[in-house]
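Fold and contact review
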Amino acid sequence: MRHPAFSALLALALLLGAAVGPAAGGAAGAVGPSDGPAAPADPAPALASGAANAVVDFESAPSTEFDVVLQPDRDAAWTVTVTYELRDANETETFRRVAERFRDGEVGPSDDLYRNYAAGASEYAGREMSITGVERTASVDEDPDVDDAAVVAVGTLELSFVWTSFLEADGDQLVMGDAFRTADGESWLRSLGPNQRMVIRTPEGYGLSSTPGVSVDFEENAVVIEGPRSFGPEERIGVVYSANVTDAPPWGLLAGAVVLAAAIISG
């Protein structure tokens, strides 16, 4: 009988050897082509599979959060965090080995995927964007504060970087939207998986002015998109931020207005 840790590492080897996908960055573990991004061939979760792939087949599926902190200088500080709940010493040891490979850039969330996205968005928007300040960290918490008593540790992979010129300047306003486009104008954000969440935080000194895009939720001055969520070919994320907004409407009323705006755009 194979040792559980050996089986997990074998699954990892098979995953890394066979992972090839149609989207920019491909499927789990694959790196996007060096000659620029390609639009996803179908509505498969390109962001999910390329940016937050499961690097090994643990018993529990990982959860992923994409935290995007928008900056007044139009940059965006991204943090992609993939969290695994580990259920025994074998899984914990296997994760430690995976963490080392992640730090070396061999597995897990890939900054190359986002470089491809930024290159395509640059071409579409007509302004230079780039991915800078890439950092990879990994940790294991052996005293996790979780409800499941079977979880003995929590492993975390974290990729952080700055996406320059992520926002468009429009007079005194900042506009988010075209950075989610590919070179041919399609959206590279096709879907979020069931254990994925994207939080886009408002730039300091700005307030959310309008949302000419798909319906989204709001929490504490941030746009929140919970998975599972798919975006159709004509759907887009669009948010306009105005400087020094002091009398922002209640978030509940604003959320209703966003749904109405999305319906008008769809019509």
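Structure first, text after, so check above.
What you see is a predicted model, and the numbers here were worked out from it, not measured in a lab.

This part takes up the sheet that holds strand β8 (residues 196–201). Strand order in this open sheet of seven strands is β3-β4-β2-β1-β8-β11-β10, and the pairing throughout is mixed. Strands with a single pairing partner mark the edges of an open sheet, and in this sheet they are β3 (131–141) and β10 (217–218). One ladder, built from nine bridges, connects β3 with strand β4 (residues 153–163); its direction is antiparallel. The residue bridging S139 from the neighbouring strand is T156, located in β4. Set on the sheet, helix α3 (residues 89–103) makes contact with β2 (76–86), β3 and β4; between it and β3 the angle comes to about 165 degrees. Running at roughly 30 degrees to β4, helix α4 (residues 111–125) makes contact with β1 (63–70), β2, β3 and β4 of the sheet.

A cluster of acidic residues, D141, D143, D145 and D147, forms a negative patch at the surface. Relative to the helices and strands, D145 resides in the loop between β3 and β4. Using a relative accessible area of 80% as the deciding quantity, one classes D145 as exposed.

Here strand β5 (residues 168–170) pairs with strand β6 (residues 173–176) via three bridges, running antiparallel. Each residue of the ladder has a partner; that of A169, found in β6, is L174. Adjacent in sequence and paired antiparallel, β5 and β6 are bridged by two residues, among which G171 carries a positive phi angle near 65 degrees. Summarising the sheet, β6 and strand β13 (residues 239–243) pair through four bridges and their orientation is antiparallel. Paired with Q173 across the strands is S242, a residue of β13.

What counts, and where the lines are drawn
- Residues numbered from 1 in each chain as written.
- Predicted model: local features only at pLDDT ≥ 70, side-chain atom pairs only at ≥ 80, totals over all residues.
- Heavy atoms only, no water.
- Pairing = 2+ DSSP bridges.
- Helix = DSSP H or I, 4+ residues; strand = E, 2+ residues; numbered from the N terminus.
- Contact = heavy atoms within 4.5 Å.
- Axes fitted to C-alpha atoms, helices over the stretch in contact; angles between N-to-C directions.
- Patch = residues over 30% accessible without salt bridge, like charges linked within 9 Å, V, L, I, M, F, W, Y side chains within 5 Å.
- Areas by Shrake-Rupley, 256 points an atom, 1.4 Å probe, with all protein chains shown as cover.
- Salt bridge = Lys/Arg side-chain N within 4 Å of Asp/Glu carboxyl O.
- Lys, Arg positive; Asp, Glu negative; His and termini not counted.
- Charge placed at Lys NZ, Arg CZ, Asp CG, Glu CD.
- Buried < 20%, exposed > 50% of the residue type's maximum accessible area, 1.4 Å probe, protein only.

The analysis is restricted to geometry; functional conclusions fall outside its scope.
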